[in-house]
Amino acid sequence: MQEEHSQPTAPQEPGDALLLKGARDGDDRAAQRLFDRYQRTLVDAASRYLPSRDLAQDVAQEVFLKLLESPPSRLSGGTLRPWLLRVARNLSLDRVRRGKFEIPVGESGEYASAHQPADGAGVDPLSTAMRSSDAERIRHLRRQLPQELQRLLEARFEQGLSFQQIALREGIPLGTALWRLHHAFKLLRQKWSAENG
């Protein structure tokens, strides 16, 4: 009688719902896996509408932040793909309609906004507050966060670094940098609400 030799099976990748739950519960590895799973798809989708791959990468990062902030209530077929692609398309078309493109400035490859919407849409309220009379209160609240998150917020809002630059400087994957900044924003909002409640 011949002995059956079964091939070891590779561990199955966790589904989108499980990774999204993990990311929302504070697991930055789950967030990174989701980002890695969909980043190229989102960049490719946004590239259909936008004049440069750099802009498409910006949209992919924005989609990921929207996913962490307010995810869909249900997954279509157990996957985030349809929701992510719809958001990427909408954000890309919104940039096209508003003419909100960016142009390279200097040798560093950094981008500066070529057009800022007159109605203030797309302006991050936290960064606006950082420049307003509430800036000192926000800095005080920021100092109550873990050191790592303080450093990320300072890099983003006071030094003006892009998400990609922050990831490179910190030596972490881009998806992880996005998740940690999202987490830092969330904690700051909670502290602000508690203080101003």
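Bear in mind that the values here come from a model prediction, so they are computed numbers and not experimental data. Throughout, a residue's number is its position along its own chain's written sequence, starting from 1. In view of the model being predicted, local features appear only for residues whose pLDDT reaches at least 70, and side-chain atom pairs are presented and counted only at 80 or more, with totals across whole chains, interfaces and linings using the full set of residues. The basis for the side-chain values is all heavy atoms of the structure; hydrogens and waters are excluded.

Participant: Teacher, can you tell me more about the pattern of salt bridges here?
Facilitator: Side chains carrying opposite charge are able to pair once their charged atoms draw close together. Throughout this description, the term salt bridge denotes a Lys or Arg side-chain nitrogen within 4 Å of a carboxyl oxygen of Asp or Glu. According to the stated counting rule, one finds 15 salt bridges in the structure shown. Residue Arg 189 is joined to Glu 69 by a salt bridge in which the shortest nitrogen-to-oxygen separation is 2.9 Å. With Arg 189 in helix α9 (residues 174–196) and Glu 69 in helix α3 (residues 53–69), the pair connects residues that are 120 residues apart, well separated along the chain. Partly exposed describes any residue whose relative accessible area lies between the buried limit of under 20% and the exposed limit of over 50%, with all areas from a 1.4 Å probe on protein chains only and scaled to the type maximum. According to the relative accessible area criterion, Arg 189 is partly exposed, its value standing at 40%. When its relative accessible area of 41% is taken as the criterion, Glu 69 is described as partly exposed. Secondary structure is summarised from DSSP: a helix means a run of H or I of at least four residues, a strand means a run of E of at least two, and numbering begins at the N terminus for each.

Participant: Help me understand the nonpolar core, please; the structure alone is not making it clear to me.
Facilitator: Residues Leu 34, Val 63, Phe 64, Leu 67, Leu 84 and Leu 153 are the most contacted members of the largest nonpolar core, which totals 48 residues. The leading source of residues in this core is α3, at nine residues. Nonpolar cores were defined as sets of buried Ala, Val, Leu, Ile, Met, Phe, Trp, Tyr and Cys residues, with membership established by side-chain atoms within 4.5 Å.

Participant: Looking at this structure, how should I read the packing of aromatic side chains?
Facilitator: For any pair of aromatic rings, geometry is given as the distance between the ring centres together with the angle between the planes. Paired rings are identified among Phe, Tyr and Trp, the last through its six-membered ring, by centres lying within 6.5 Å, and are further divided according to the angle between planes into stacked (under 30 degrees), edge-to-face (over 60) and tilted (the rest). Applying the stated criterion to the full structure yields one aromatic pair. Geometrically, the ring pair formed by Phe 35 and Phe 64 is edge-to-face, given 5.1 Å between the ring centres and 70° between the ring planes. Of this pair, Phe 35 sits in helix α2 (residues 28–47) while Phe 64 is found in helix α3, placing the two residues 29 residues apart along the sequence. The two residues Phe 35 and Phe 64 agree in class, both being buried. Both a distance and an angle decide whether a charge sits over a ring: NZ of Lys or CZ of Arg must be within 6 Å of the ring centre and within 35 degrees of the ring normal. One cation-aromatic arrangement involves Arg 156 over Phe 163; the distance from NZ or CZ to the ring centre is 4.1 Å.

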